[in-house]
Structure formats: C-alpha cells, structure tokens
Amino acid sequence: MDDARTATPSPHQLRALAHPVRLRMLGMLRIDGPATATTLATRLGLNTGATSYHLRQLAGHGFIEDDESRGNGRERWWRAAHASTRTASPAPDDDQGWQETDAYLQTVATVYTEWLQRAMEERPLLPPQWRDVGTLSDWHPRLTPATASRLFDQLDDLLSGVEDEDDPEARHVVFQVSGYVRPGQVAADDASGDVSGDETP
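Residues numbered from 1 in each chain as written. Predicted model: local features only at pLDDT ≥ 70, side-chain atom pairs only at ≥ 80, totals over all residues. Heavy atoms only, no water.

Trainee: What is the right way to look at the overall build of the protein in this model?
Mentor: Of the regular secondary structure elements, the protein holds eight helices and five strands. Put simply, the protein runs from its N terminus to its C terminus through helices and strands in the order β-α-α-β-α-α-β-β-β-α-α-α-α. In the protein, which comprises 201 residues, the proportion classed as buried is 21%. Contacts in the protein between residues at least 24 apart in sequence constitute 58% of all its contacts with a sequence separation of at least 6. Element-wise, carbon and sulfur atoms account for 51% of the exposed surface of the protein, whose accessible area totals about 14,500 Å². (Helix = DSSP H or I, 4+ residues; strand = E, 2+ residues; numbered from the N terminus. Buried < 20%, exposed > 50% of the residue type's maximum accessible area, 1.4 Å probe, protein only. Contact = heavy atoms within 4.5 Å. Areas by Shrake-Rupley, 256 points an atom, 1.4 Å probe, with all protein chains shown as cover.)

Trainee: How do you make sense of a nonpolar patch on the surface when you look at a structure like this?
Mentor: Taken together, Val 133, Leu 143, Leu 151, Phe 152, Leu 155, Leu 158, Leu 159, Val 162, Val 173, Phe 175 and Val 177 make up a surface patch of nonpolar side chains, about 940 Å² in accessible area. Residue placement: Leu 159 occurs in helix H7 (residues 145–160). (Patch = residues over 30% accessible without salt bridge, like charges linked within 9 Å, V, L, I, M, F, W, Y side chains within 5 Å. Salt bridge = Lys/Arg side-chain N within 4 Å of Asp/Glu carboxyl O.)

Trainee: I tried to follow helix H3 (residues 37–44) on my own but got confused; where do I start?
Mentor: Note: α-helices contain 3.6 residues per turn, so residues at a spacing of three or four share the same orientation. Buried within H3 we find Ala 37, Leu 40 and Ala 41. An end-on view of H3 places all buried positions within 105° of arc, on one side of the element. Where H3 is buried, its residues touch helix H2 (20–32), strand E2 (35–36) and helix H4 (48–60). Trailing H3 by a residue or two, Gly 45 shows a phi angle of about 70°, which is positive. (Arc of directions from axis to C-beta.)

Trainee: Would you take a moment to explain the pairing of strand E4 (residues 77–80) for this structure?
Mentor: Two strands pair when backbone bridges link them, and E2 and E4 are joined in this way by two bridges, in the antiparallel orientation. Paired with Thr 36 across the strands is Trp 77, a residue of E4. (Pairing = 2+ DSSP bridges.)

Trainee: Mind showing me how you'd approach the side chain of Thr 6 here?
Mentor: Residue placement: Thr 6 occurs in strand E1 (residues 6–7). Side chain to side chain, Thr 6 and Ser 84 meet in a polar contact 3.4 Å long. Residues contacting Thr 6, with those up to four places away along its chain left out, are His 82, Ser 84 and Arg 86. (Polar contact = N/O pair within 3.5 Å; in protein donor to acceptor, adjacent residues only side chain to side chain.)

Trainee: Help me out: how do you make sense of the environment of Gln 176 in this one?
Mentor: The residue Gln 176 is located in the loop between H7 and helix H8 (186–192) in this model. Along the backbone, Gln 176 and Trp 115 are 61 residues apart, and their C-alpha atoms lie at a distance of 9.6 Å. Ignoring anything within four residues of it in the chain, the contact list for Gln 176 reads Tyr 112, Trp 115 and Leu 116. Reaching out from Gln 176, the side chain makes a polar contact with the backbone oxygen of Tyr 112 at a distance of 3.1 Å.

Trainee: How do you make sense of the sheet that holds E2 when you look at a structure like this?
Mentor: In a beta sheet, neighbouring strands are held together by backbone hydrogen bonds and run either parallel or antiparallel to one another. On the basis of which strands lie adjacent, the open sheet formed by three strands has the order E2-E4-E3 and antiparallel pairing. Strand pairing shows two members of the sheet lacking a second neighbour, E2 and strand E3 (64–66), which therefore form its edges. In this sheet, E4 lies alongside E3 in antiparallel orientation, the contact comprising three bridges. The partner of Ile 64 across the bridge, within E4, is Ala 80. Strands E2, E3 and E4 of the sheet are contacted by H2, whose axis makes an angle of about 85° with E4. (Axes fitted to C-alpha atoms, helices over the stretch in contact; angles between N-to-C directions.)

Trainee: Help me understand a negative patch on the surface in this model?
Mentor: A contiguous patch of negative charge on the surface is contributed by Glu 163, Asp 164, Glu 165, Asp 166, Asp 167 and Glu 169. Mapped onto the elements of the fold, Asp 166 is located in the loop between H7 and H8. (Lys, Arg positive; Asp, Glu negative; His and termini not counted. Charge placed at Lys NZ, Arg CZ, Asp CG, Glu CD.)

Trainee: Hey, could you run me through the layout of surface pockets in this one?
Mentor: Summary: where empty space remains is shown by rolling a probe the size of a single water molecule over the atoms. Taken as a whole, the second largest pocket spans an internal volume of roughly 150 Å³. Forming the boundary of the second largest pocket are Pro 127, Gln 129, Trp 130, Asp 167, Glu 169, Ala 170 and Arg 171. The class makeup of the residues in the lining of the second largest pocket is three nonpolar, one polar and three charged. (1 Å grid on protein atoms, 1.4 Å probe; cavity = no way out; pocket = protein on both sides within 12 Å on 5 of 7 lines; lining within 4 Å. Points joined across faces, edges and corners; volume = space filled by probe spheres on them. Nonpolar A, V, L, I, M, F, W, Y, C, P; charged D, E, K, R; others polar.)

Next up, the structure:
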C-alpha cells in the first residue's frame, strides 16, 4: 500500500477486488462514508452473512478498517482505508501478476458499465439544470505510448484538483476516464509481426 489517501496494492492484494460486490462495497465506503454490514447488505440486496464475508476479505487485504469512533458495541462499523486505488504494472515476466491485475481491471470495467447504465436510466428524472451535465464522447487520437501516458497524467491532475464541496448545489459527478489502445491494433500487430502502414477507421 501507498500513502494515506491512495492505495497501490500488489497484484495479490488486487485479487480481493476482482469481485464486483467487493468493488461496489469499497466504492460506497469511499464515497458515502462509514457503514455497517447491515446497511451495505440492504443497499446491495445481499444477506448480512455474505456482506460480512466480503468485508472481511477487504479488511484482510488492507482496503478497509474498523471505524472505532462509531458503533455501540453491537454494531461493527467499517470505513475505507484509502480514498483511491492505483494499479502498478507487474514485472514483465510476472505472468501471475499480470493475470491478477487484468482480472481486477475486468471487474472495474463491469462496475463502471453498470454505473453508466444507471446514469442513463435516471437521466430523464434529473432536474433540468443537471440533465445536460455530462458527455458520452470518444476521441481517437494517434499517440505514442509516452504521449498517451502524459495525457492521462494531465487528466488526472486536472480532475484531482477540482471540487466544489462547500457549495450547497454541488453533487458527486462521476468522470470515468477509460483510455485504452483501440482494439484490433497492437495485439494483432504483435501476432502477425506486421507493424507497418496506416489503418482505416
């Protein structure tokens, strides 16, 4: 793990997050604050036994911890140990590490897709001032790995530094920055050995 606000887990630790329920739980604790297993079970539509099991897995890998400032001895409150998670690339020859990291990222993609679908379903219910907030856009610039990485870092810096939490009109706005190599390019190039020529969109 990294500093107090950001977790940079090992691939082994990421294995605990390669489950949609655990990733949703961690997100709830980070965004909505501390909660009990009973509260989370109700929100997720699970029984408390399953919820408690997943919470213990998250705690065992350092993602959540007891909130000792809450509770009355009968309830166990949990809070997130970090505000965010960042992945670190495994060593090039660490096949197991890459598999565990990829499994985690597959789960992230699943949960992000669910959030996006819910947002579109609820959009007609939003008040007018919020209905036009947001975008579903994609861009396809042609970049080198170094330029792409630099652009992602700039986006991270920009989004990390913006918050109007003291304004009573402020609400959580989700930015899902999903940058990736367009499918069908690099993997196909590596398989065929042909890395020449321009592509046609």
